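Chains, contacts and geometry: an overview
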Amino acid sequence: MIPLVRAASLSNFSEVAFSVGVDPAACLQEVGLDEADLADPDHYLAAELVSRLLENAARRSGREDFGLRLAERRQLSNLGVIALALKQAPTLRAAVDLLIRFIRLHIDCLLLRLDEFDQSASIGVEWDVGVPVPSPTARDLTVGVLYRTLKGQMGPDWRAREIRFRRDRPASLEMYRRVFD
């Protein structure tokens, strides 16, 4: 089975690409997609193509923070039916439980895990076994959207204690600080 991602994962792709001097049509064409593939947010795309598209756009633009630029423009509604359920969640814990349970409706190869400690919790983001590990740009986008979703549940004063990435430190942390407070 080919891992799939909702086209909504690429909402605002063209706008962000243009903003960093990249032709979105050329990036899409390079991986075998076009603008029509992004028109319906509920259309599913191969996760590998989405990952390659994001990495190509980051490479062409010279912006390793391309995924965070996309995440920054993300709205809760981009999560489709998951967003409707999250709006009704009475607590952050309930919202996290919903995300863990239903995130596969949005990205079917994504696994979320909640680990609880004394007075804190950690949310792990992993990719299903057998799936090619997504590009750093796709991982940044995923973690950025998850953070913005949780912040939307908790309110503007909420901050994560820390966010960790399994990769080399980016040359510039400006966008990381902006997206993750």
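In the block above lies the structure referred to throughout.
Residues numbered from 1 in each chain as written. Predicted model: local features only at pLDDT ≥ 70, side-chain atom pairs only at ≥ 80, totals over all residues. Heavy atoms only, no water.

1. Thoughts on the overall build of the chain
Filter applied, for reference: Strands are runs of DSSP state E lasting at least 2 residues, helices are runs of H or I lasting at least 4, and numbering of each runs from the N terminus. Radius of gyration here uses only the C-alpha atoms, and the compact-globule reference equals 2.2 Å multiplied by the residue count raised to the power 0.38. Working definition: with a 1.4 Å probe on protein chains only, accessible area under 20% of the residue-type maximum means buried, over 50% means exposed, and in between means partly exposed. Two residues form a contact once any of their heavy atoms are found within 4.5 Å. Per-residue and other accessible areas were derived by the Shrake-Rupley procedure at a 1.4 Å probe size, with only the shown protein chains allowed to occlude residues. In this tally Asp and Glu are treated as negative and Lys and Arg as positive; neither His nor the chain ends contributes. Just so you know, the charge point we use is NZ for Lys, CZ for Arg, CG for Asp and CD for Glu.
Of the regular secondary structure elements, the chain holds 9 helices and 4 strands. Seen in sequence order, the chain has helices and strands lined up from the N terminus as β-α-α-α-β-α-α-α-α-β-β-α-α. Its C-alpha atoms give the chain a radius of gyration of 16 Å, near enough to 16 Å, the size a compact globule of 181 residues would have. With respect to the principal axes defined by its C-alpha atoms, the chain has extents near 50 × 35 × 30 Å. Evaluated residue by residue, the chain yields a buried proportion of 44% over its 181 residues. When contacts within the chain are restricted to residue pairs at least 6 apart in sequence, those whose partners lie at least 24 apart make up 62%. Surface summary for the chain: the accessible area is close to 10,100 Å², and the carbon and sulfur share equals 51%. Treating the 24 positive side-chain charges of the chain as one cloud and the 26 negative ones as another, the clouds have centres 4 Å apart.

2. Some details on the nonpolar core
Put simply, the rule is: Residues enter a nonpolar core if they are buried and are Ala, Val, Leu, Ile, Met, Phe, Trp, Tyr or Cys, with the set joined through side-chain atoms within 4.5 Å.
With 42 residues, the main nonpolar core has Leu10, Phe13, Leu53, Leu54, Phe66 and Leu99 as its most contacted residues. Only helix H1 (13–19), helix H2 (24–30), helix H4 (47–61), helix H5 (66–72), helix H6 (81–88), helix H7 (92–102), strand S3 (110–116) and helix H8 (136–154) provide two or more residues apiece to this core. Examining the composition of this core, we find that 6 residues originate from one element, H4, more than from any other. Excluding its chain neighbours within four sequence positions, the residues that come into contact with Phe13 are Pro24, Cys27, Leu28, Leu38, Leu53, Leu54, Ala57, Phe66 and Leu70.

3. Thoughts on the pattern of salt bridges
Oppositely charged side chains can form a pair if their charged atoms are brought close together. Inclusion rule: The term salt bridge refers to a side-chain nitrogen of Lys or Arg lying within 4 Å of a carboxyl oxygen of Asp or Glu.
In this structure the tally under the stated criterion is 13 salt bridges. A salt bridge links Glu30 to Arg59, with the shortest nitrogen-to-oxygen separation between them at 3.3 Å. Here Glu30, found in helix H2, pairs with Arg59, found in helix H4; they are 29 residues apart in sequence, far enough to count as distant. For Glu30, a relative accessible area of 37% puts it in the partly exposed group. When its relative accessible area of 51% is taken as the criterion, Arg59 is described as exposed. When the shortest N-O distance is used, the salt bridge between Glu116 and Arg93 registers 2.6 Å. Placement of the pair is Glu116 in strand S3 and Arg93 in helix H7, with a sequence separation of 23 residues. With a relative accessible area of 51%, Glu116 lands in the exposed category. The class of Arg93 is partly exposed, set by a relative accessible area of 40%. Connected through shared salt-bridge partners, Glu30, Arg59 and Arg60 make up one network.

4. Digging into the side chain of Asp140
By the secondary structure assignment, Asp140 is in helix H8. Discounting residues that sit within four places of it in the chain, Asp140 has contacts with Glu64, Leu68, Phe165, Arg167 and Tyr176.

5. Points about the packing of H6 against H7
The criterion, for reference: Throughout, an axis means a line fitted to C-alpha atoms (over the contacting stretch in the case of helices), and angles, computed between N-to-C directions, take values from 0 to 180 degrees. Angles below 35 degrees are treated as roughly parallel, those above 145 as roughly antiparallel, those between 65 and 115 as roughly perpendicular, and all remaining angles as oblique. Helix crossings are classified by the rotation of the near helix relative to the far one: an anticlockwise turn of less than a right angle makes the crossing left-handed, while a clockwise turn makes it right-handed.
At a minimum axis distance of 9 Å, the contact between H6 and H7 shows a crossing angle of 160 degrees. The pairing of H6 with H7 is recorded here as roughly antiparallel in orientation. As H6 packs across H7, the resulting crossing turns out to be right-handed. Residues Ile82, Ala85 and Leu86 of H6 form the contact with H7, whose own contacting residues are Ala95, Leu98, Leu99 and Phe102.

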